[in-house]
Amino acid sequence: MAHDGSLGTAHAYIDGVAGSGAQAIKFQTHIAAAESTPGEPFRKKFSYQDATRYDYWERLEFTPEQWAGLKRHAEEVGLIFLSTPFSFEALDLLVNIGVPALKVGSGETTNLPMLTAMGRTGLPVLLSTGMASWAEIDEAVATLESHHDQIGIFQCTTAYPCAAEQVGLNVVRSLRDRYPYPTGLSDHSGLPYASIGACALGADMIEVHVVFSKACFGPDTGASVVLGDLPALVEGCQFVRRAIANPIDKDAVAVEMQDLKTLFGKSAYATRDMVAGETLEMEDMILRKPAVGILAKDVERVSGRTLTRDVPRGAVITWTDIGGNHG
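Computed from a prediction, not measured in an experiment: that's the story for all the values here.

> Where do I start with a nonpolar patch on the surface in this structure?
Among the surface-exposed residues, Met 257, Leu 260, Leu 263 and Phe 264 lie close enough to one another that they form a single nonpolar patch of about 390 Å² accessible area. Considering the arrangement of structural elements, one finds Leu 260 in helix α12 (residues 258-264). Look at Leu 260 and you get partly exposed, because its relative accessible area is 40%.

The structure is reproduced here in structure tokens:
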């Protein structure tokens, strides 16, 4: 809804998102007469020109031809085009223009007739769960499963903006444990951090609102990521996913890093000139780089040992200098 009913602005958002590294762009498809009533109250009174929320939905409407043009534009710049239908009429419109998948808004999670209609299309369905209990999510998933298993499920908190304490990253993992489907986070924090955190927890999908500037007009601006920050969000998620996909073996790494361990590590060096037969004491040793002699971790073990040969001041002290016995 960041386009505020301007078709040109909607196209501008497609171009903006295309350069971010994101894979898809998603809109909302509203048909006021099919989804609302003149008495629908504003969630948040923000508009200077709309007397009712119905008026606002009506102002956001595009024609089927305009929606088809937005889809075509998105595909031309390498983006998957998606939109959330809020009525059966909007669902039919999106199916007719050939969307590859459908998104369920949080307010529609318990709208089982709508979920049934979506399932019957055979298209993959992405389900947001912002206002739903576990029992309601189970029912929604079961409704979709009666038609197919191409389902994705988002943790979502219906707050605009959403505070860190409300994000519910724990639910991302709970969804993975509960259902055999891709899961993700639909974030309304307006910041990149929750999305990257969700990826660290194994999220398969991330959805965020975007806006050109925090000064833009609209009810969701505070819950939106500034478009200029979107590339860093995408890069951060990709970085974390690569890290998770490539676990390391600490013992193997230690072997690979042996040269660096020698370079950065420390060993014992003589603080004075010493001759064979002297007893090596702690004050006779200083820890310096590189680690080419008796290692720092062993200096207490060699204190009190007898030198078997002369060691000049500043020279590294080796096991050979005390008889070659590491024990």
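So, next bit.
> Can you help me understand the sheet that holds strand β4 (residues 125-128) in this one?
In space, the 6 strands of this open sheet follow the order β3-β4-β5-β6-β7-β8, with parallel pairing throughout. The two strands at the open ends of the sheet, each matched to only one other strand, are β3 (102-104) and β8 (224-226). If you compare each strand with its neighbour and ignore which way they point, the axes differ by 35 degrees on average. As judged from the 4 bridges shared by β4 and strand β5 (residues 151-156), these two strands associate in the parallel manner. The residue of β5 that forms the bridge with Leu 126 is Gly 152. Contacts from helix α7 (residues 134-145) reach β4 and β5, with the element oriented near 160 degrees to β5. Across the sheet, helix α10 (residues 230-245) lies against β7 (205-211) and β8, angled at about 170 degrees from β7, the strand it touches most.

> When you look at the packing of aromatic side chains in this model, what are you seeing that I'm missing?
Under the definition given, this model contains 6 aromatic pairs. Between Phe 27 and Trp 67, the ring centres sit 6.0 Å apart and the planes meet at 70 degrees, which makes this aromatic pair edge-to-face. With a gap of 40 residues between them, Phe 27 in strand β1 (residues 24-29) and Trp 67 in helix α4 (residues 64-76) connect regions that are remote in the sequence. Here Phe 27 falls in the buried class, since its relative accessible area comes to 7%. A relative accessible area of 1% means that Trp 67 is categorised as buried. Note on Phe 62 and Trp 67: the rings are 5.3 Å apart at their centroids and 65 degrees apart in plane angle, and the pair reads as edge-to-face. Here the two residues Phe 62 and Trp 67 agree in accessibility, since each one is buried.

> Honestly, the pairing of strand β6 (residues 183-187) in this entry has me stumped. Any pointers?
Remember that side chains alternate between the two faces of the sheet whenever the strand is regular. Counted residue by residue, β6 has 5 buried out of 5 residues, so it is predominantly covered. The two faces of β6 match: Thr 183, Leu 185 and Asp 187 on one face and Gly 184 and Ser 186 on the other face are all buried. As paired elements, β5 and β6 share 4 bridges and run parallel to each other. Looking at the pairing, Phe 154 lines up with Gly 184 of β6. For the crossover that starts at β5, traverses helix α8 (residues 169-178) and ends in the parallel β6, the hand is right-handed. Sheet topology note: the β6/β7 ladder contains 4 bridges and is parallel. Opposite Asp 187, over in β7, you have Val 208 as the bridge partner.

Quick notes on the rules
Residues numbered from 1 in each chain as written. Predicted model: local features only at pLDDT ≥ 70, side-chain atom pairs only at ≥ 80, totals over all residues. Heavy atoms only, no water. Patch = residues over 30% accessible without salt bridge, like charges linked within 9 Å, V, L, I, M, F, W, Y side chains within 5 Å. Areas by Shrake-Rupley, 256 points an atom, 1.4 Å probe, with all protein chains shown as cover. Salt bridge = Lys/Arg side-chain N within 4 Å of Asp/Glu carboxyl O. Helix = DSSP H or I, 4+ residues; strand = E, 2+ residues; numbered from the N terminus. Buried < 20%, exposed > 50% of the residue type's maximum accessible area, 1.4 Å probe, protein only. Pairing = 2+ DSSP bridges. Axes fitted to C-alpha atoms, helices over the stretch in contact; angles between N-to-C directions. Contact = heavy atoms within 4.5 Å. Phe/Tyr/Trp six-rings, centres within 6.5 Å; stacked < 30°, edge-to-face > 60°. Right-handed = clockwise from strand over helix to strand, strands pointing away.

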